[in-house]
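# Summary of the model geometry
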Amino acid sequence: MLLDYDVVEAFCVHGCAGRASSTRGTYRSVLYQLAGQVHGEPGLRATPFAGAKAPAPYSPAERADLAAVARAQRDPAKRSSALAMVVFGIGAGLRPGELAALRGSDVTGRGPVVVQVAGGPAPRAVPVAARYAGRAAGLARRAGGGFVFRPGPADRGYKNFVNNFAGRLARDPVAPPLSMSRARSSFICDHLAAGTPLRALLAITGITEAESLARYARHVQGVSPSKAVLRARWHAEARQ
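Residues numbered from 1 in each chain as written. Predicted model: local features only at pLDDT ≥ 70, side-chain atom pairs only at ≥ 80, totals over all residues. Heavy atoms only, no water.

On to the packing of helix H4 (residues 76-90) against helix H8 (residues 180-194). Running from amino to carboxyl end, H4 crosses H8 at an angle of 35°, the nearest separation of the two axes being 7 Å. Contacts between H4 and H8 involve Met-85, Gly-89 and Ile-90 from the first element and Met-180, Ala-183, Arg-184, Ser-186 and Phe-187 from the second. Grouping the constituent residues of the contact of H4 with H8 by class yields 5 nonpolar, 2 polar and 1 charged. (Axes fitted to C-alpha atoms, helices over the stretch in contact; angles between N-to-C directions. Helix = DSSP H or I, 4+ residues; strand = E, 2+ residues; numbered from the N terminus. Contact = heavy atoms within 4.5 Å. Nonpolar A, V, L, I, M, F, W, Y, C, P; charged D, E, K, R; others polar.)

Here it is, written out as structure tokens:
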């Protein structure tokens, strides 16, 4: 879709690479206004339709590389924010806008560590994956009542607030780029692979329909990417 925010941003960054920054800013502002009439405010778009292609999840080796990239940042604030992307993206499946709004006080518990997503289009409670729970609790403890990601004054409503930060991280060229969409895909695919009941998975991801999981199921061995099969599985689980 031409007015999708991702398409608009790609056009402004790559299609207008030779233009002055003021010109790119004008294009972005006008196109964002048009996109808003179709999709709503940036960061509040509905879940992509079930046929849209989901990004591939990070492999175990790539996840280790991402953690290393985060730890390698010299600035402590940047290091903490990069780690938050890994922990709350892969470990809790947060969307970029949800990470930007996350405060330390939104993370609770010591057994299961739980993220309370209070704002945005899908308020919910998300148990953090066990592997990332300790890190999540530590980041939240340090943030206190402040923001976990990039604390301090910032335009948190900007659609690429998180991913623009990721693009400026120092990293080895062979390391994978840190992306919240791939991190969220990793969280969802991990649960699909683990056999998490679909009703529970929909609840913790903020996805409204089982068919929307088809785009992620394509990446999970042993899980059918058929929307009809996923719908039937959801109904079967609901009757149990």
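With that settled, consider the nonpolar core. Of all hydrophobic cores here, the largest spans 56 residues; its most connected members are Met-85, Phe-88, Leu-99 and Val-115. In this structure Leu-99 touches Ala-84, Met-85, Phe-88, Leu-94, Phe-149, Val-162 and Met-180, once residues within four positions along its chain are discounted. (Core = buried A, V, L, I, M, F, W, Y, C linked by side-chain atoms within 4.5 Å. Buried < 20%, exposed > 50% of the residue type's maximum accessible area, 1.4 Å probe, protein only.)

As a further point, take the pattern of salt bridges. Counted by the stated rule, this structure contains 6 salt bridges. Connected through salt bridges with shared partners, the residues Arg-95, Glu-98 and Arg-124 form a single ionic network. (Salt bridge = Lys/Arg side-chain N within 4 Å of Asp/Glu carboxyl O.)

Further remarks concern helix H9 (residues 198-205). Residues of H9 that are buried include every one of Leu-198, Leu-201, Leu-202, Ile-204 and Thr-205, and no others. Looking at the buried positions of H9, the neighbouring elements they touch are strand S3 (124-127), H8 and helix H11 (227-239). In the stretch just after H9, Gly-206 is the one whose phi turns positive, near 75°.

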